[in-house]
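For reference, the chains in residue letters:
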Amino acid sequence: MDSIEEAKPKPPKAALLPLPKDLSDLLDEVVLNFDKIDGPLDTKIKETWPLYVVFGDGGNYHIDALSKVQKWIQLDQKIGLKVNEISKEPLLKLSLEKNELYKGYLAYKNHYDSISGINSGTSLEDVTGTKPTGFINKDITKFYEAFNSSQYKSKDKSKENTGDAVLLYGCSADDVYSALKNNKVGSTDKEESLCVILDNNNKETSKKFAIVSLKAGKGRAGRILTLLRPMLGDTSSATPRERNPQALTPDDYLQTNESYIAEIFQDIYVDKQLLTEVEFMNALRSSLTKLVTAVGKIPKALADTIGEFAGNLKKITNKVFGSIVLGFKDEIQSVKTKYFTLVNAEENLRKEMEITNEGKDDPIKVTHSFYINVAVFVKEVRKINYESLIGRIVLKSKQLDNNKIFVTDVQDIDESTVTGIKDNINNIWNTYFVPLKDSTCVTKKVTCEPITLIDRESFKPMIYFNSNILAFEIFEKLLDKVLTQGSSLSDQKNIKDEFIKISSQISAEAIFGKNDSLPLIKYDGKKIQRLGKKKEYSISSIVEEKGGDFKVGKIEIKKSKDGNYFIVYLYLIFELQIVDDEVVPYYSLVELRNDSKSSFTFKAEVNKTAIPQDKVF
């Protein structure tokens, strides 16, 4: 009987209280003013915020954006006061936290705090350490009219201007326009990245200005590119996604349903035909072409580098993709042949379980043939040296990691998982079958005495064992393929060097646009980046920030969520995109997973590329 405590009815959940009307009205104002803002105004607001933090209400702002910033500050202050008042009441505080309008307000607050830099400890004052005397933002078109008539702009008409604001130091906007039109602008070194106005004798004056790219928030439209849509017959233009998958396991990526992640991953099949390695490389080349298109014309040297990069990458990816993905059935068959006795015993046991009882959930009655097949299976399990197999995998993984261009992840591999499954198989044998050793059914096709019934769930360890041995074997074959067919170390170094050249030059084109000769500063709400001139800009800034660690692919083996199966994942580079003015590799994912409903086999699923580098490595 339940205890008195257990029998007590649980108190009903407290009903949420309505928010005070004055607070609800303020939250409604947030929705009214900020829920639907078009793209151009949204961009202007993002540019206005970091300027407002330094200059306050006065300056060369876009009036519509300034009014939105001022409105937000007013609402934010009023809402903050009201929230402090009701936070003293626990039930009201809970009601507030559950309120959808309040959640929306917090989302806006986090966004605006981020792009303004108000809580980052840095601001545009940090460009020189002193407050600028003024700025150009609303009249940025006048600045570029003067810039475009100068000797400092690129001769390529297809490129864009990328500076969003100009900070003034001891000069006026007219001083800057005049200096540009008369080609009287010098520059400091990269550490400052400032422009200096020259006098009639080309001597530096005390008047300076800084061209600033304000890259807070999402990148410019069109900078995030999509590869496979035209390939699959979809010619619609790509738009940046507002949401990105968080750090998930590969299994999470593939199993998440009814979400935006499910929209991203689709099998790469055309009329039920898996892509060939030729189509694979064509798709990669297509993404390289799109990179070039996104930033306008590029120097011939860069075009040649892109060609060399694609060619060298083809040496590796063609062999790996072709032999692994397209030849996967042959690999599975070779493993099944190697473990023929073990595989055959499991397949026979599955058949026995299907025909022994009419009800699939009923316990299994041990028969002569069932006893023999289990005996064979247990004998084979005891013979397999999986410790040696795991040891080879770990050793080869270290060898591959030394090459750097392919990496492995074998952290989940451990002998204890397989040993535990093996012990369970031995327990099944000792519990149910050893007592029958003197039964006539061991040698003859007669009913086993005593009658022995075994729950079907007890036989799952046999399936787990076979599945994991296959996973280890397949993983070792993947390692062998990449180690032997992954081209020479010199080719791998060439690929890395070429990627660095492509990244640095394309990033420079995307960041500087028409500005070939004047220094540029970038502010993202978190830090100041002094980029110097286009020719000075190199991959060094990316190397310092992200390690510049380009990789062709990754092979990893992970446990399933229930901890019984090992699943093999293969990532291969499949496209390059420009994200926030940097070239980012994206990867396709091949999953090699056991299908528990069929006999000793794995299924390979090739999924559409949508996984950025930082989610893979």
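Right above here is the structure, for reference.
Cut-offs used in this document
Residues numbered from 1 in each chain as written. Predicted model: local features only at pLDDT ≥ 70, side-chain atom pairs only at ≥ 80, totals over all residues. Heavy atoms only, no water. Helix = DSSP H or I, 4+ residues; strand = E, 2+ residues; numbered from the N terminus. Expected span 1.5 Å × (residues − 1). Buried < 20%, exposed > 50% of the residue type's maximum accessible area, 1.4 Å probe, protein only. Contact = heavy atoms within 4.5 Å. Polar contact = N/O pair within 3.5 Å; in protein donor to acceptor, adjacent residues only side chain to side chain. Arc of directions from axis to C-beta. Phe/Tyr/Trp six-rings, centres within 6.5 Å; stacked < 30°, edge-to-face > 60°. Disulfide = S-S within 2.5 Å. Salt bridge = Lys/Arg side-chain N within 4 Å of Asp/Glu carboxyl O.

Participant: Please clarify how helix α6 (residues 100–116) should be interpreted in this entry.
Facilitator: Spacing of three or four residues puts side chains on the same side of an α-helix, whose turn is 3.6 residues. Here α6 contains 17 residues, and its C-alpha end-to-end distance of 24 Å stays within 8% of the 24 Å for a straight helix at 1.5 Å per residue. Inspection of α6 places Y102, Y105, Y112, D113, I115 and S116 among the buried residues, and these make up the whole buried set. Contacts made by the buried residues of α6 are with α2 (21–34), α3 (39–55), α4 (63–86), α5 (90–98) and β11 (520–523). Its side-chain oxygen 2.9 Å from the backbone nitrogen of L101, N99 forms the N-cap of α6. A positive backbone phi angle near 80° is found at G117, which sits one or two residues after α6.

Participant: Can you walk me through helix α7 (residues 140–148) in this structure?
Facilitator: Turning to α7, its buried residues are I140, F143, Y144, A146 and F147. In an axial view of α7, the angular spread of the buried residues amounts to 155°, which keeps them on one side of the axis. In α7, the exposed positions angled more than 90 degrees off the buried face are occupied by T141 and E145. Of the surrounding secondary structure, the elements contacted by the buried residues of α7 are β1 (134–136), β2 (165–169), α8 (173–181) and β5 (204–214).

Participant: Looking at this model, I keep getting lost on the packing of aromatic side chains. Mind explaining?
Facilitator: Each aromatic ring pair is described using two quantities: the centre-to-centre distance and the angle formed by the ring planes. Scanning the entire structure with this criterion turns up 22 aromatic pairs. Residues F34 and Y108 carry aromatic rings whose centres are separated by 6.2 Å and whose planes lie at 50° to one another, so their mutual orientation is tilted. Residue F34 is located in helix α2, and its partner Y108 is located in helix α6; the two are separated by 74 residues in the primary sequence. Three or more aromatic residues joined by ring pairs make a cluster, and in this case those are F34, W49, W72, Y102, Y105, Y108 and Y112.

Participant: Could you clarify how one ought to interpret the state of the cysteines in this entry?
Facilitator: Formally, a disulfide is one covalent bond, and it connects the sulfur atom of one cysteine to the sulfur atom of another. Inspection of the entire model under this criterion finds one disulfide. Bridging C441 to C448, the disulfide has an S-S length of 1.9 Å. In this structure the cystine formed by C441 and C448 twists about its S-S bond by roughly 100°; its chirality is therefore right-handed. Comparing C441 with C448 shows no difference in burial state: the two are buried. With no disulfide of its own, C171 lies closest to C195 among cysteine sulfurs, the gap being 10.0 Å.

Participant: I would appreciate a short explanation of the pattern of salt bridges in the present structure.
Facilitator: A pair can form between side chains of opposite charge whenever their charged atoms are brought close. Counted by the stated rule, this structure contains 18 salt bridges. Here K21 and D25 are joined by a salt bridge, their closest N and O atoms 2.8 Å apart. Of this pair, K21 and D25 are both found in helix α2, four residues apart, which corresponds to roughly one turn of the helix. Judged by its relative accessible area of 62%, K21 is exposed. Taking the relative accessible area as the measure of exposure, D25 reaches 35% and is therefore partly exposed. Residue K103 is joined to E100 by a salt bridge in which the shortest nitrogen-to-oxygen separation is 3.4 Å. With K103 and E100 both in helix α6 and three residues apart, the pair spans about one turn of that helix. For E100, a relative accessible area of 58% gives the class exposed. When salt bridges with common partners are traced through the structure, they connect R392, K396, E476 and D480 into a single cluster.

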